[in-house]
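# Working through the structure, step by step
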Amino acid sequence: MTHFYGLLLDQDVPESRGEELCARMAKAFDPETYAIHEPSAIGRLCVGFAMPKNLTGRVAMPDMLRQTDGMAVFGDVKLYNGDTISNGRRSPPEIGHKRESDISILHRFVRNGSDLSKLNGDFAFGAYDKNTQLLTLVRDQLGNRVLYYARRPEGLVFSTRIHCFFQIGVDRTDVDPAALASCLALAFPGAGKTYYPSIMELEPAHRLEIRPDGNRSKRRYWSLQPNADLKFKRDEDWIEHI
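Throughout what follows, the structure given in this document is the object of discussion. Here the structure is a predicted model, which means the values were calculated and not measured.

So, on to the side chain of H107. By secondary structure assignment, the location of H107 is in helix α3 (residues 102–111). The buried category is assigned to H107, whose relative accessible area is 2%. Polar side-chain contacts of H107 include one of 3.5 Å to the backbone nitrogen of T68.

Right, let's get into helix α5 (residues 177–186). Side chains that are three or four residues apart share a direction in an α-helix, a result of its 3.6 residues per turn. Within α5 the residues assigned to the buried category are A179, S182 and C183. Along the axis of α5, the buried positions cluster into a sector of 100 degrees, meaning they face one direction only. Of the exposed residues in α5, those oriented more than 90 degrees away from the buried face are P177, L184 and A185. For α5, the N-terminal capping position is held by D176, with its side-chain oxygen 3.1 Å away from the main-chain nitrogen of A178. Directly after α5, the chain includes A187, whose backbone phi takes a positive value near 75 degrees.

On to the sheet that holds strand β12 (residues 216–220), then. Two strands in a sheet stick together by hydrogen bonds in their backbones, pointing the same way (parallel) or opposite ways (antiparallel). One open sheet holds the six strands; their spatial order is β4-β5-β6-β7-β11-β12, and the pairing between them is antiparallel. The strands lining the two open edges of the sheet, one partner per strand, are β4 (65–68) and β12. Recorded for the sheet is a direction-independent mean angle of 15 degrees between the axes of neighbouring strands. Here strand β6 (residues 121–129) runs beside strand β7 (residues 134–139); their pairing, made up of six bridges, is antiparallel.

All right, on to the state of the cysteines then. Counted by the stated rule, this structure contains zero disulfides. Sulfur of C22: no disulfide; nearest cysteine sulfur belongs to C46 and is 3.3 Å away. Overall, C22 belongs to the buried group, its relative accessible area being 1%.

Quick look at the pairing of strand β5 (residues 71–79) now. In terms of burial, β5 is a largely internal element, eight of the nine residues being buried. Judged from the four bridges that link them, β4 and β5 form a sheet pairing that is antiparallel. When the bridges of β5 are listed, R66 appears paired with V73. As paired elements, β5 and β6 share nine bridges and run antiparallel to each other. Residue pairing for β6: G75 is matched across the bridge by F125.

Another point: unusual backbone geometry. A positive phi is found at D69, a non-glycine position, where the angle reads about 55 degrees. Mapping D69 onto the fold places it in the loop between β4 and β5. On the accessibility criterion, D69 (62% relative accessible area) is exposed. Even without a glycine there, the phi angle at Q133 is positive, about 60 degrees.

Turning our attention to the side chain of D10. Note that D10 resides in the loop between β1 (3–9) and α1 (16–25). Using a relative accessible area of 12% as the deciding quantity, one classes D10 as buried. Within the structure, the side chain of D10 is placed 2.5 Å from the side chain of R151, a separation counted as a polar contact. The residues contacting D10, other than those within four sequence positions of it, are R44, R151, P153, E154 and G155.

Calculation rules
Residues numbered from 1 in each chain as written. Predicted model: local features only at pLDDT ≥ 70, side-chain atom pairs only at ≥ 80, totals over all residues. Heavy atoms only, no water. Helix = DSSP H or I, 4+ residues; strand = E, 2+ residues; numbered from the N terminus. Buried < 20%, exposed > 50% of the residue type's maximum accessible area, 1.4 Å probe, protein only. Polar contact = N/O pair within 3.5 Å; in protein donor to acceptor, adjacent residues only side chain to side chain. Arc of directions from axis to C-beta. Pairing = 2+ DSSP bridges. Axes fitted to C-alpha atoms, helices over the stretch in contact; angles between N-to-C directions. Disulfide = S-S within 2.5 Å. Contact = heavy atoms within 4.5 Å.

In C-alpha cells, the structure reads:
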C-alpha cells in the first residue's frame, strides 16, 4: 500500500517548517521496505509519499500527484469507473490509446466541481486550491483506504499512517480511555476516533475542508439508499451502479 502524509501550514508559520515536519514524518517508514520521495511544497501545503519496494528492491511508481491550473490533487487512488467519469464510456480505451492515470482523471473531476458521490473506487486523497488555499481531504465510501488528521501548533497534519504523528510530537502513550473501552466492547474506537485523543480518523464517505484561517468543516458526501427504486435497461448499467 502506498502512503502519503503532510500538513497545511497556518498563515504565520514559515513555509520551510512544512518541509522540516514532512521529513520527520517520513521517518515512520522503514527505508528497507519503502522508498521515501522528497516532499512537494505547494503554497502552504507540503505533502510527501512513501511507496513500497518490490522483492528486487525496485520501486513501484504510481502517479500520486497532479497539479495544474492552480489545483493540486494527491493521494492513493484506485478508480473502478475511471473510464466512465473520464469520457462517458464504460469500456476501456481503444487499442493504441494509452489509459489516463487515475490521479489525472480525479484531478479533472475535482477541478470541474463534479459530484464526489459519483466516484467508484478505493481512495484517500486531498485536493488543494492554491488560489483559495482551501484543502479538502476525502475518503472512499466504504473506507477501504484510511486517512488520519490532527491539529498541531503548525497547522493541520494528515497521513494515511498513524505512526507519522508520533514523529512530530504526538505522545503514543496518551491513550483515550473511552476509545479503548469502545474498542473492547464494539471492536472499534468509535466513529471518527482513534486510540489517541489528538488524532482523528476521517470517516468513510466523508470530506473534510480546511480553510486558511484554520477553521474546518466535515460532511458526508454519499450515503446508502436501501429503498431506492432502481430501473436499468442494460446489464452494464447495473454493473456500473453496483
